[in-house]
Each structure stands twice: as C-alpha cells, then as structure tokens.
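Residue-level listing of the chains:
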Amino acid sequence: MKIKRGDLVVVVAGDDKDRAEPRPRVVQEVLDEGKKVVIEGVNLVYKHVRRGHPRSPQGGRLRMEKPIQSSNVMYYCSECGKGVKLGYRYNDAGEKERFCRSCSNGVGVVSPAREKYAKK
C-alpha cells in the first residue's frame, strides 16, 4: 500500500465520506500490511468502560477511532488540492519515490539510491 503514517488523505467512500468538499485528514496508523488505516476523526466509536480502566479511571465512555479499509481513502495532494492516486518511480539519483499521478509531483523517497537506476 502506498499510504503511510502521517500522510494527508481524503475519505472517498463509506459513512465518513466528505460530501460537499473533501477535507484532508491525517493517517495515525497503518494496519494489516496496509489493508486498513486509522484516520484522525474518522469512524469514531464509543467504548463503555468500568471504573479503574487505565485510560479512564473514573469510568464512562471512551471516544476512539477504529480502522477503515485503505481502499476507501485517497492521498491528498497539496499541489492538486484533491485526492489522487500515487505511483512509484525512480528519480534521477536512483532513489525510489512516491509521486502524484495527476501532477507528477514527488511525494517522498521510499528507498535509498541504487546505482542500477540512476540516470547518467
């Protein structure tokens, strides 16, 4: 999966889809080898806990985010201003990087430079 922790994403399907204007949100965690993601403020649930719970000693309801399928989100490109698909490519130095398929803007380096892929 091309989505990483800390990326800005847009929810494009499901109950938490942004209807009018997509709002970028931060990925907090990637689970199951990229099949699920936990996103800040998306898929909120309440867990009722008894007194003495480590996160809520007085008891009550804990508000927490649950994972959603990674196929329901798209990477948010700040250059394009919308959700886009990502791809992999090798840059001139031979580093493998993620890039926006819409505007060809480089997103970040995935692996270090390899002499085999460096353009001379």
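Residues numbered from 1 in each chain as written. Predicted model: local features only at pLDDT ≥ 70, side-chain atom pairs only at ≥ 80, totals over all residues. Heavy atoms only, no water.

Engineer: Could you give an account of the overall build of the protein, naming the residues involved and the relevant values?
Structural biologist: The helix and strand tally for the protein stands at 0 helices and 11 strands. Sequence-ordered secondary structure for the protein, helices as α and strands as β, is β-β-β-β-β-β-β-β-β-β-β. Taking 120 residues into account, the globule formula puts the C-alpha radius of gyration at 14 Å, and the protein, at 18 Å, lies well above it. Taken over the C-alpha atoms alone, the protein extends approximately 65 × 35 × 20 Å along its principal axes. Here the protein holds 120 residues, and 28% of them are scored as buried. Considering only contacts within the protein whose residues lie at least 6 apart along the sequence, 36% involve residues at least 24 apart. Only carbon and sulfur atoms are counted for the fraction: they give 44% of the accessible area of the protein, which is about 8300 Å². Within the protein, one finds 26 positive and 15 negative side-chain charges whose respective centroids are separated by 5 Å. (Helix = DSSP H or I, 4+ residues; strand = E, 2+ residues; numbered from the N terminus. Rg over C-alpha atoms; globule rule 2.2 N^0.38 Å. Buried < 20%, exposed > 50% of the residue type's maximum accessible area, 1.4 Å probe, protein only. Contact = heavy atoms within 4.5 Å. Areas by Shrake-Rupley, 256 points an atom, 1.4 Å probe, with all protein chains shown as cover. Lys, Arg positive; Asp, Glu negative; His and termini not counted. Charge placed at Lys NZ, Arg CZ, Asp CG, Glu CD.)

Engineer: Quick one: what's the story with the state of the cysteines, residue by residue and with numbers?
Structural biologist: Per the stated rule, a full pass over the model turns up 0 disulfides. Here Cys80 stays unpaired: no disulfide links it, and the sulfur of Cys103, its closest cysteine neighbor, is 3.5 Å away. (Disulfide = S-S within 2.5 Å.)

In short, the description is geometric, and any link to function would need to be established separately.
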